[in-house]
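Here is what each chain is made of, one letter per residue.
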Amino acid sequence: MAASFFFRMMMNLLKRIIGLKFLALIDYCDKVEAGISGRKLAQLKALAEAFQEMPKAYYIRGTTYFASILVLFYTLLLSYAGLAIAFRTVTGGWGVIAGLVIFILLVVALSGAEKGRTLSLRLFLAVWSALCVCNLLVAGWLLFASFSWLSVGCWAGSLLLLWLTRQVMNGPELTKLIQWRASLRIAQYRRQALTQPRRK
């Protein structure tokens, strides 16, 4: 009984650390994809009604950019760079390999998030969570090891970027973007479902 209570308490704390709005956004995308795979047109219509307002878009040389997604991509990438410098692994082999893996994951997340894919949101969350854990480990290392002010500054910068990432993850612009993209997917699927001839 006590273990169950402790587990629920820890799960609630973890949800609040991540942000309830971002978790609700992942749940929304899960429902959209489940509705499409299950061909639940009525459910998809109700989910599409969640879209109310267009996200802010920036047009640069004929290409459309959405600030929320770009901020997530660059803040997480720069957060890792600051963490690597603080831990003095930026020139090491493992630091380069880890940075390459994070970069690939973020590119995949970036390309899929603008289409309203659940996997992309989960990838952003996974990278953010991993960097949070690494920041705690580096903080402990800095307490007991000899360090320079450059290391402390890079670690603090990495932590600040993670806080900024959390704000964007739970911000209104990312919600608007995902809901808009999801509504486009729903509209496309419903149009295809309604125009396809029914099988006898």
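Above this note sits the structure.
Description of the structure in this document. Because the structure is a prediction, the values reported are computed rather than measured.

Parameters at a glance
Residues numbered from 1 in each chain as written. Predicted model: local features only at pLDDT ≥ 70, side-chain atom pairs only at ≥ 80, totals over all residues. Heavy atoms only, no water. Helix = DSSP H or I, 4+ residues; strand = E, 2+ residues; numbered from the N terminus. Areas by Shrake-Rupley, 256 points an atom, 1.4 Å probe, with all protein chains shown as cover. Salt bridge = Lys/Arg side-chain N within 4 Å of Asp/Glu carboxyl O. Core = buried A, V, L, I, M, F, W, Y, C linked by side-chain atoms within 4.5 Å. Buried < 20%, exposed > 50% of the residue type's maximum accessible area, 1.4 Å probe, protein only. Contact = heavy atoms within 4.5 Å. Patch = residues over 30% accessible without salt bridge, like charges linked within 9 Å, V, L, I, M, F, W, Y side chains within 5 Å. Axes fitted to C-alpha atoms, helices over the stretch in contact; angles between N-to-C directions. Parallel < 35°, antiparallel > 145°, perpendicular 65-115°, else oblique. Left-handed = near helix turned anticlockwise from the far one by under 90°. Nonpolar A, V, L, I, M, F, W, Y, C, P; charged D, E, K, R; others polar. Phe/Tyr/Trp six-rings, centres within 6.5 Å; stacked < 30°, edge-to-face > 60°.

For the protein chain, the count of helices and strands is 8 helices and 2 strands. Listing every helix and strand of the protein chain by position from the N terminus yields α-α-α-β-β-α-α-α-α-α. Of the roughly 12700 Å² that the protein chain leaves accessible, carbon and sulfur atoms contribute 68%.

Tallied over the full model, the rule gives 4 salt bridges. A salt bridge links Asp 27 to Lys 31; the shortest N-O distance between them is 3.5 Å. One end of the pair, Asp 27, and the other, Lys 31, are both in helix α2 (residues 20-37), 4 residues apart, so they sit about a helical turn from each other. Salt-bridge contacts for Arg 122 lead to Asp 30; the nearest nitrogen and oxygen are separated by 2.7 Å. One end of the pair, Arg 122, is in helix α6 (residues 118-144); the other, Asp 30, is in helix α2, with 92 residues separating them in the sequence.

Right, let's get into the nonpolar core. By size, the foremost hydrophobic cluster in this structure holds 42 residues, and its most contacted members are Phe 22, Leu 76, Phe 124 and Leu 131. Contributing elements (two or more residues each) for this core: α2, α3 (41-48), α4 (67-86), α5 (93-113), α6, α7 (149-169) and α8 (172-195). Looking at this core, the element that brings in the most residues is α6, giving 9 residues. With residues up to four places along the chain from it excluded, the contact list for Phe 22 reads Leu 121, Leu 125, Met 169, Asn 170 and Leu 174.

According to the relative accessible area criterion, Arg 122 is partly exposed, its value standing at 42%. Separated by 96 residues in sequence, Arg 122 and Ile 26 have C-alpha atoms that sit 7.5 Å apart. With sequence-adjacent residues up to four places away left out, Arg 122 is seen in contact with Ile 26 and Asp 30.

Right, let's talk about a nonpolar patch on the surface for a bit. On the surface, a cluster of nonpolar side chains totalling about 410 Å² of accessible area is made up of Leu 100, Phe 103, Ile 104, Val 107 and Val 108. With respect to the element layout, Phe 103 can be found in helix α5.

Bringing the side chain of Lys 176 into the picture now. Looking at the element boundaries, Lys 176 is found in helix α8. Judged by relative accessible area, which is 18%, Lys 176 ranks as buried.

Attention shifts here to the packing of α2 against α3. One way to put it is that α2 packs onto α3 with a least axis distance of 9 Å and a crossing angle of 150°. Considering their axes alone, α2 and α3 lie roughly antiparallel with respect to each other. The chirality of how α2 crosses α3 is left-handed. Only Gln 43, Leu 44, Leu 47 and Ala 48 of α3 make contact with α2, whose side of the interface consists of Tyr 28, Lys 31, Val 32, Gly 35 and Ile 36. Its residues assigned to classes, the contact of α2 with α3 comprises 6 nonpolar, 2 polar and 1 charged.

Looking now at the packing of aromatic side chains. Summed over all chains, the structure comprises 2 aromatic pairs. Aromatic side chains Phe 73 and Tyr 74 sit 5.0 Å apart centroid to centroid with 90° between the ring planes, which places their arrangement in the edge-to-face category. In this structure Phe 73 comes out as buried when scored by relative accessible area, which is 6%. Take Tyr 74: its relative accessible area is 46%, and that puts it in the partly exposed class. Here Phe 73 and Phe 103 contribute two aromatic rings whose centre-to-centre distance is 6.1 Å and whose plane-to-plane angle is 65°, an arrangement assigned as edge-to-face. Highlighted residues: Phe 73 in helix α4 and Phe 103 in helix α5, separated in sequence by 30 residues. Through successive ring pairs, a cluster of aromatic residues spans Phe 73, Tyr 74 and Phe 103.

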